[in-house]
Amino acid sequence: MKTFGIMFEQAQDIVKFVDAINRFDCPIALKSDDCLVDAKSIISAFAMCTSPNIEMQIHAEDCEEIINSVKPFIKIHEE
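Residues numbered from 1 in each chain as written. Predicted model: local features only at pLDDT ≥ 70, side-chain atom pairs only at ≥ 80, totals over all residues. Heavy atoms only, no water.

Draft legend 1. Representation of the overall build of the chain. Scanning the chain for helices and strands turns up three helices and five strands. Listing the helices and strands of the chain from first to last along the sequence gives β-α-β-β-α-β-α-β. For a compact globule of 79 residues, the expected C-alpha radius of gyration is about 12 Å, and the chain comes in at 11 Å, within 12% of that figure. Sorting the 79 residues of the chain into buried and exposed places 42% on the buried side. Distance between charge centroids for the chain: 3 Å, based on 7 positive and 14 negative side chains. (Helix = DSSP H or I, 4+ residues; strand = E, 2+ residues; numbered from the N terminus. Rg over C-alpha atoms; globule rule 2.2 N^0.38 Å. Buried < 20%, exposed > 50% of the residue type's maximum accessible area, 1.4 Å probe, protein only. Lys, Arg positive; Asp, Glu negative; His and termini not counted. Charge placed at Lys NZ, Arg CZ, Asp CG, Glu CD.)

Draft legend 2. Structural context of helix H1 (residues 11-21). Regarding H1, the residues found buried are Asp13, Ile14, Phe17, Val18, Ala20 and Ile21. Each buried residue of H1 lies within a common arc of 160° when the element is viewed along its axis, so the set occupies one face. (Arc of directions from axis to C-beta.)

Draft legend 3. Molecular detail of the packing of aromatic side chains. Throughout the structure, instances matching the rule amount to three aromatic pairs. With a centroid separation of 5.2 Å and an interplanar angle of 70°, the aromatic rings of phenylalanine 8 and phenylalanine 17 are classed as edge-to-face. Here phenylalanine 8 and phenylalanine 17 have matching classes, each one buried. Between phenylalanine 8 and phenylalanine 73 the ring centres are 6.0 Å apart and the planes differ by 50°, which places this aromatic pair in the tilted class. Residue phenylalanine 8 is found in the loop between strand E1 (2-6) and H1, and its partner phenylalanine 73 is found in the loop between helix H3 (64-69) and strand E5 (74-78); the two are separated by 65 residues along the sequence. Of the two residues examined, phenylalanine 8 and phenylalanine 73, each falls in the buried class. (Phe/Tyr/Trp six-rings, centres within 6.5 Å; stacked < 30°, edge-to-face > 60°.)

Nothing here speaks to function; it is all geometry.
Right, here's the structure in full:
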């Protein structure tokens, strides 16, 4: 699993993010504090948008293409 900090500045960012990750088959989650949701769900992603510390969790071995598709929203890279 790879974890990255994510930030959305406006509602359109969430739509673009969810559209981008829905092209991939692997599980991807958004986590904030004790809440974990499916990042491919637009409603779940909007529910997380008010949280100041959102992490994206990618459950895949090779995730470079995923990372590149959401690069504008990544704020912290953790290995």
